[in-house]
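Read off the chains here:
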Amino acid sequence: MATIIAALTNFGQSLAAIGMSLLYSVLAVFQAIFALIQSTIESILKLGQSITTLVLELFQGVFGFVFANFAAILVVGGAYYLYTLRQQGKGPKMLQKRL
């Protein structure tokens, strides 16, 4: 009788071990899926950051050139506007021609 009880106990322990192994396997699969999703999102964000850095570095010279020319056009245009006001005598007192 003791051998039957020992065999059934051993069988129950084996079934419990198999069940725990299956549970750990399912949890490992879910963990792997979560890690895959996390690494995919991280890779997409790093790709976007790399593309943004590439575009900014590539066009940094172009943007600087355009901004410098825009500033120069504003200065020359402002000077011309003040000059025309002075010639017409419509500007502030300090810009008007002295007779």
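Quick note: structure is the one above.
What comes next concerns the included structure. (Residues numbered from 1 in each chain as written. Predicted model: local features only at pLDDT ≥ 70, side-chain atom pairs only at ≥ 80, totals over all residues. Heavy atoms only, no water.)

**Structural notes on the overall build of the protein chain**
Okay, step 1: For the protein chain, the helix and strand inventory stands at one helix and zero strands.
Okay, step 2: When each of the 99 residues of the protein chain is scored for burial, the buried share is 2%. (Helix = DSSP H or I, 4+ residues; strand = E, 2+ residues; numbered from the N terminus. Buried < 20%, exposed > 50% of the residue type's maximum accessible area, 1.4 Å probe, protein only.)

**As for helix 1 (residues 2–88)**
Okay, step 1: Spanning 87 residues, helix 1 covers 121 Å between terminal C-alpha atoms, matching the ideal 129 Å at 1.5 Å per step.
Okay, step 2: Its axis deflected by about 50° at F59, helix 1 carries its strongest bend there.
Okay, step 3: Positive phi appears at G89, one or two residues downstream of helix 1, with a value of about 75°. (Expected span 1.5 Å × (residues − 1). Bend = angle between axes of the 7 residues up to and from the residue.)

**Examining the pattern of salt bridges**
Okay, step 1: Under the defined criterion, the tally for this structure stands at one salt bridge.
Okay, step 2: A salt bridge links E42 to K46; the nearest nitrogen and oxygen atoms lie 3.4 Å apart. Residue E42 and its partner K46 are both found in helix 1; the two are separated by four residues, about one turn of the helix.
Okay, step 3: What makes K46 partly exposed here is its relative accessible area of 48%. (Salt bridge = Lys/Arg side-chain N within 4 Å of Asp/Glu carboxyl O.)

**What about a nonpolar patch on the surface?**
Okay, step 1: The grouping of M20, L23, Y24, V26, L27, V29, F30, I33, I37, I41 and L45 at the surface amounts to a nonpolar patch, some 1,100 Å² of accessible area in total.
Okay, step 2: Residue placement: I33 occurs in helix 1. (Patch = residues over 30% accessible without salt bridge, like charges linked within 9 Å, V, L, I, M, F, W, Y side chains within 5 Å. Areas by Shrake-Rupley, 256 points an atom, 1.4 Å probe, with all protein chains shown as cover.)

What is shown is where atoms sit, not what they do.
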